[in-house]
Amino acid sequence: MDKISKPIYVTQPNLPPLQDLIPFLEEIWANKILTNGGPLHQRLEKELCEYLGVEHLSLFTNGTIALVTALQALNIKGEVITTPYSFVATSHSLLWNGIKPVFVDIDPDTLNLDPSKIEEAITSQTTAIMPVHCYGHPCDVEAIRKIADKYQLKVIYDAAHAFGVKDAGGSVLRHGDLSVLSFHATKVFNTFEGGAIVCPDAETKLRIDQLKNFGFVDEVTVTEPGINGKMSEYNAAVGLLQLKNVNAMIEKRKEIDSRYRKQLANVKGIHFLDADKDVVLNYSYFPILIQADYPQSRDALYQILKDHGIYSRRYFYPLITNFPMYQDMASAHVNNLPLANDLASKVLCLPIYPDLDFSDVDEICNVIRLVV
Ligand code: T4K
């Protein structure tokens, strides 16, 4: 089979028509407010609350700074239980706060933190749980809530992948004490760089807004070492534009997801992730698991695809716990995380983005099938 004519990356950002940005830029140029919670920033916060079905949200310059600030806002210290199967920003946000991550293994069906393993990892130092809705598939939020209530722990969800995801009760972002979103270029909804903290009340939002503005409480008072996490007016403008189109973009992703599932349904050794029927997903990723009965290893298939100009990604390999700043921690040991280690060696995220042609999906599936 020939190499595909243009490279196909795991994702490609969707962009609104360039001319639609001009009125926003004119507005910025006219009023000369470029950042620090300007009018577009305020509009985007309001429109995102409406779209996502949440009460309060604070915009950030990116998801990582939002995670760091979320932990600071709740005064989290000591140890936090988290997943090794995520992007490294999840646990880095703990280190930035001087918190010790305690890694717990994942559920093989959802690839999310396994609640049945959390209790045995709790010590007198544990103050919070930081799970990730990996690929936008909701965690077992009820089980996590019960454990958190029992041990009086805070829960901060890394919801970087979960923009617009709903369960039977509404937005998945309403769970826990805080939820953190990423609006990075590679995400379902992007502001080039950006992020947000979803919080339950106005008081918490005020505190978060102060922390993202260096800790200023008023013009002359700084109460805490806050950071500069403010989203600029330009990024907010991009967000307002993207929001107009986001439903159509998610719909296109859904069609691509369905096409992959149909085309790969009977390929031996290729396993998909499924979500509960009442969950509304955002189709942010298309992970497959390469099982032992597939004729090639995951890494061999990754290379074969690459040789055809198809750049899949091994999210999340290596595991966070294999990076040098984590690998010597007791909870990072492979014996503590057998499933995460196994699944990280099997996963491959196939390209998925709104502009991906069906013919390209078919080509990708052909390459995967031809190996068989
Ligand atoms: N928590 C979780 C669970 C996360 O997944 C992330 C971020 C965070 C927290 C932190 O949120 P942020 O601070 O980023 O807001 C990417 C992203 O940089 C990262 O945002 C994301 N997770 C992670 C899963 O993926 P890379 O290093 O794999 O991205 P990169 O640059 O290789 O891009 C992947 C492909 O996307 C490229 O091959 C081509 C395409 N691409 C990428 C960019 C940046 C474009 O076409 N245009 C672009 O501008 O990390």
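(A) How the structure looks around the overall build of the protein. Regarding its fold elements, the protein presents 10 helices and 16 strands. The C-alpha radius of gyration of the protein comes to 21 Å, within 12% of the 21 Å expected for a compact globule of 372 residues. By principal-axis analysis of the C-alpha atoms, the protein measures approximately 65 × 55 × 40 Å. For the protein, with 372 residues in total, the buried portion stands at 53%. Total accessible area computed for the protein in this model is approximately 16,600 Å², and 53% of it derives from carbon and sulfur atoms.

(B) Local environment of the sheet that holds strand β16 (residues 347-350). Pairing is antiparallel across the open sheet formed by 3 strands, whose spatial order is β13-β14-β16. Whereas interior strands pair on both sides, the edge strands pair on one side only; in this sheet they are β13 (270-272) and β16. Each strand of the sheet is rotated relative to its neighbour by a mean of 35 degrees, with strand direction disregarded. With 3 bridges connecting them, β13 and strand β14 (residues 286-290) associate as antiparallel partners.

(C) Molecular detail of unusual backbone geometry. Y315 connects to F316 through a cis peptide bond whose omega is 10 degrees. That bond from Y317 to P318 is cis: its omega, -5 degrees, falls within 30 degrees of zero. Inspection of the secondary structure puts P318 in the loop between β15 (310-311) and α9 (338-344). Backbone geometry at N36 places phi at a positive 65 degrees, although glycine is not the residue there. Counting through the fold element by element, N36 comes out in the loop between α1 (18-31) and α2 (39-52). Here the phi dihedral of N75 falls at roughly 55 degrees; this positive angle occurs in a residue that is not glycine. By relative accessible area, N75 is classed as partly exposed at 48%.

(D) The pattern of salt bridges, seen in detail. Across all of its chains, the model carries 20 salt bridges by this definition. Salt-bridge contacts for K117 lead to D114; the nearest nitrogen and oxygen are separated by 3.2 Å. Members of the salt-bridge network, linked through shared partners, are E45, K205, D209 and K212.

(E) Structural context of the site of the ligand. In the region of the ligand, 26 residues are neighbours, and T64, D158, S182, R313 and Y315 sit closest. Note that an oxygen atom of the ligand is positioned 2.6 Å from one of the side-chain N or O atoms of T64. At a separation of 2.8 Å, an oxygen atom of the ligand approaches a polar side-chain atom of H161. Contact with the protein chains covers 75% of the free accessible surface of the ligand, which is 920 Å². Of the residues contributing to the shell around the ligand, the split by class is 11 nonpolar, 12 polar and 3 charged. Both domain 1 (18-104 + 111-241) and domain 2 (246-371) contribute no fewer than three residues apiece to the shell around the ligand.

(F) Region of interest: helix α10 (residues 358-371). The terminal C-alpha atoms of α10, which comprises 14 residues, lie 20 Å apart, in line with the 20 Å expected from a rise of 1.5 Å per residue. Every buried residue of α10 is listed here: D360, V361, D362, I364, C365, V367 and I368.

(G) Structural detail: the environment of V172. Along the chain, V172 falls in the loop between β8 (170-171) and β9 (178-182). Placed 107 residues apart in sequence, V172 and V279 show a C-alpha to C-alpha distance of 9.2 Å. Here V172 is in contact with H133, P138, A162, V165, K166 and D167, once residues within four sequence places are set aside.

Rules used throughout
Residues numbered from 1 in each chain as written. Predicted model: local features only at pLDDT ≥ 70, side-chain atom pairs only at ≥ 80, totals over all residues. Heavy atoms only, no water. Helix = DSSP H or I, 4+ residues; strand = E, 2+ residues; numbered from the N terminus. Rg over C-alpha atoms; globule rule 2.2 N^0.38 Å. Buried < 20%, exposed > 50% of the residue type's maximum accessible area, 1.4 Å probe, protein only. Areas by Shrake-Rupley, 256 points an atom, 1.4 Å probe, with all protein chains shown as cover. Pairing = 2+ DSSP bridges. Axes fitted to C-alpha atoms, helices over the stretch in contact; angles between N-to-C directions. Salt bridge = Lys/Arg side-chain N within 4 Å of Asp/Glu carboxyl O. Near = heavy atom within 4 Å. Polar contact = N/O pair within 3.5 Å; in protein donor to acceptor, adjacent residues only side chain to side chain. Nonpolar A, V, L, I, M, F, W, Y, C, P; charged D, E, K, R; others polar. Domains from an automatic or database assignment. Expected span 1.5 Å × (residues − 1). Contact = heavy atoms within 4.5 Å.

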